Amino acid sequence: MKKKFVLVIAIVLIAVTTCVLLVGCAPKSPTDFLDKWLSSNSKSMKSGDTVISIYGNVAVSKSKVGNEEFVAYTELDGDTLNMYNGRNQNGKMVWSKSSMTMQEVKEMFHLEEDLKNISDIFKFQMDLNPDEFKDFDKDFTKIDGVFVGNEDGKFKGTTIKLSAKEMVVTVGEGEKAVITTYTIGCDKISIPDEAKNAK
């Protein structure tokens, strides 16, 4: 009987500890989430028919325009950024590749600070700025677990759902709504040989 009691107490303690850890990991605001997302080694972002995933120093972007599919791999190898672009033509993926130094990337974006990794590059390409939500508590009201932009503010028509690993931002309503999902964590990215062997 005493062993069963000790076992039950142990299970309860594990459950309580797990809950506390999960709550502790949950972001308090979009700024908090985006800071974690940007510093994460693996992540993805989906908006419409475009999905961008980053794993370490390799990224892949997949998009669809009409019936055409586009795939772009970006790999940081030392100080060189290798880019492999694929386009589905008549059911066959046609690849091209190009390279540039990180200094050239820095000059292209007119940046003063150095770029250290793939995430830094995509941060500027996607114009991500966590400070955009610095007045989050004033700009949003939580309704049924969803943060809704206040009617009299700059985020009117915007909703945000937050969890420990995902943030879903919806701008607008109905068919015209733009939904962007940020996810912490993604599968390892492998660049296909046909892309690496492209001319």
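Residues numbered from 1 in each chain as written. Predicted model: local features only at pLDDT ≥ 70, side-chain atom pairs only at ≥ 80, totals over all residues. Heavy atoms only, no water.

Peer 1: Provide a residue-level description of the packing of aromatic side chains, including the pertinent values.
Peer 2: The tally for this structure, following the rule as stated, stands at seven aromatic pairs. Where Phe 133 meets Phe 155, the ring centres are 5.3 Å apart and the plane angle is 20°; that geometry is what we call stacked. You can see Phe 133 sitting in the loop between helix H4 (118–125) and helix H5 (136–139) and its partner Phe 155 sitting in the loop between strand S8 (146–149) and strand S9 (158–162), a full 22 residues away along the chain. With respect to burial, Phe 133 and Phe 155 carry one shared label: buried. A network of ring pairs unites the aromatic residues Phe 133, Phe 136, Phe 140, Phe 147 and Phe 155 as a single cluster. (Phe/Tyr/Trp six-rings, centres within 6.5 Å; stacked < 30°, edge-to-face > 60°. Helix = DSSP H or I, 4+ residues; strand = E, 2+ residues; numbered from the N terminus. Buried < 20%, exposed > 50% of the residue type's maximum accessible area, 1.4 Å probe, protein only.)

Peer 1: Account for the pattern of salt bridges, with residues named and values stated.
Peer 2: Summed over the entire model, instances satisfying the criterion amount to four salt bridges. Close ionic contact of Arg 87 with Glu 68 constitutes a salt bridge, the shortest N to O distance being 2.8 Å. Of this pair, Arg 87 sits in strand S5 (residues 80–89) while Glu 68 sits in strand S4 (residues 68–77); the two residues are 19 residues apart in sequence, bridging distant segments of the chain. Overall, the relative accessible area of 27% leaves Glu 68 in the partly exposed class. A salt bridge links Asp 114 to Lys 106; its shortest N-O distance comes to 2.8 Å. Overall, the relative accessible area of 13% leaves Lys 106 in the buried class. (Salt bridge = Lys/Arg side-chain N within 4 Å of Asp/Glu carboxyl O.)

Peer 1: So what's going on with the nonpolar core? Residues and values would help.
Peer 2: With 29 residues, the main nonpolar core has Trp 37, Leu 81, Ile 118, Phe 140, Ile 160, Met 167 and Tyr 182 as its most contacted residues. Among the secondary structure elements, those contributing two or more residues to this core are helix H2 (30–39), strand S2 (50–55), S5, helix H3 (102–108), H4, strand S10 (166–171) and strand S11 (178–184). With four residues, the top contributor of residues to this core is H2. Setting aside residues no more than four positions away along its own chain, Met 167 makes contact with Pro 30, Phe 33, Leu 34, Ile 160, Lys 161, Leu 162, Thr 180, Thr 181 and Tyr 182. Formed by 10 residues, the second largest nonpolar core is a distinct cluster that contains Val 60, Val 71, Ile 189 and Ala 198. (Core = buried A, V, L, I, M, F, W, Y, C linked by side-chain atoms within 4.5 Å. Contact = heavy atoms within 4.5 Å.)

Peer 1: Can you lay out the pairing of S10 for me, pointing to particular residues and giving the numbers?
Peer 2: Note: S9 against S10, five bridges, orientation antiparallel. Each residue of the ladder has a partner; that of Thr 159, found in S10, is Thr 170. One ladder, built from six bridges, connects S10 with S11; its direction is antiparallel. From the neighbouring strand, Met 167 faces S11, where its bridge partner is Tyr 182. Linking S10 to S11, which pair antiparallel, is a turn of six residues; within it Gly 172 sits at a positive phi near 90°. (Pairing = 2+ DSSP bridges.)

Note that all results are geometric; they support no functional claim without further evidence.
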